[in-house]
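Next come the chains, spelled out residue by residue.
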Amino acid sequence: MTIESLPTFAKPARQRWESISADIRQRLLSNVWYGHCRHETTITNFSGTIKGGDLLLVGKCAF
């Protein structure tokens, strides 16, 4: 999946996501903390919403 082919994003979340430069978006996607395994990973099959004023990405671990 590329950054440009985003899955489901709420409109405000998409606007916030697209306001971030492409290189920073890619770094964010490849530097996600996965609490279940307790390590950094890449997020896949993600969606986005705004929660408490923050952009929240929810997806699956790449491993």
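Going by the structure above, here's the rest.
What counts and what doesn't
- Residues numbered from 1 in each chain as written.
- Predicted model: local features only at pLDDT ≥ 70, side-chain atom pairs only at ≥ 80, totals over all residues.
- Heavy atoms only, no water.
- Pairing = 2+ DSSP bridges.
- Helix = DSSP H or I, 4+ residues; strand = E, 2+ residues; numbered from the N terminus.
- Salt bridge = Lys/Arg side-chain N within 4 Å of Asp/Glu carboxyl O.
- Buried < 20%, exposed > 50% of the residue type's maximum accessible area, 1.4 Å probe, protein only.
- Contact = heavy atoms within 4.5 Å.
- Phe/Tyr/Trp six-rings, centres within 6.5 Å; stacked < 30°, edge-to-face > 60°.
- Core = buried A, V, L, I, M, F, W, Y, C linked by side-chain atoms within 4.5 Å.

Caption draft 1: Up close: the pairing of strand 3 (residues 43-51). Note that strand 3 and strand 4 (residues 54-61) share seven bridges and pair antiparallel. Bridged to S47 within strand 4 is V58. Hairpin connection between strand 3 and strand 4: a loop of two residues separates the two successive antiparallel strands, and G52 in this loop has a positive phi of roughly 60°.

Caption draft 2: Focus on the pattern of salt bridges. Enumeration over the complete set of coordinates arrives at one salt bridge. A salt bridge links R14 to E18, with the shortest nitrogen-to-oxygen separation between them at 3.7 Å. In this pair, R14 and E18 both sit in helix 1 (residues 11-18), four residues apart, roughly one turn of the helix. For R14, a relative accessible area of 26% corresponds to the partly exposed category. For E18, a relative accessible area of 47% translates into the label partly exposed.

Caption draft 3: The arrangement of the environment of T49 in detail. Here T49 lies in strand 3. A relative accessible area of 33% means that T49 is categorised as partly exposed. Taking the C-alpha atoms as reference points, T49 and A10, 39 residues apart in sequence, are found 5.4 Å from one another. Discounting chain neighbours no more than four positions away, the residues touching T49 are A10, A13, D54, L55 and L56.

Caption draft 4: Inspection of the packing of aromatic side chains at higher detail. Within this structure, the stated rule accounts for three aromatic pairs. Centroid distance F9 to W17: 6.2 Å. Interplanar angle 50°. Geometry classified as tilted. This pair shows no difference in class: F9 is buried, exactly as W17 is. Three or more aromatic residues joined by ring pairs make a cluster, and in this case those are F9, W17 and F46.

Caption draft 5: Structural detail: the nonpolar core. Listed in full, the six residues of the largest apolar core are F9, A13, W17, L29, I43 and F46. Setting aside residues no more than four positions away along its own chain, I43 makes contact with L29, V32, L57, V58, G59 and K60.

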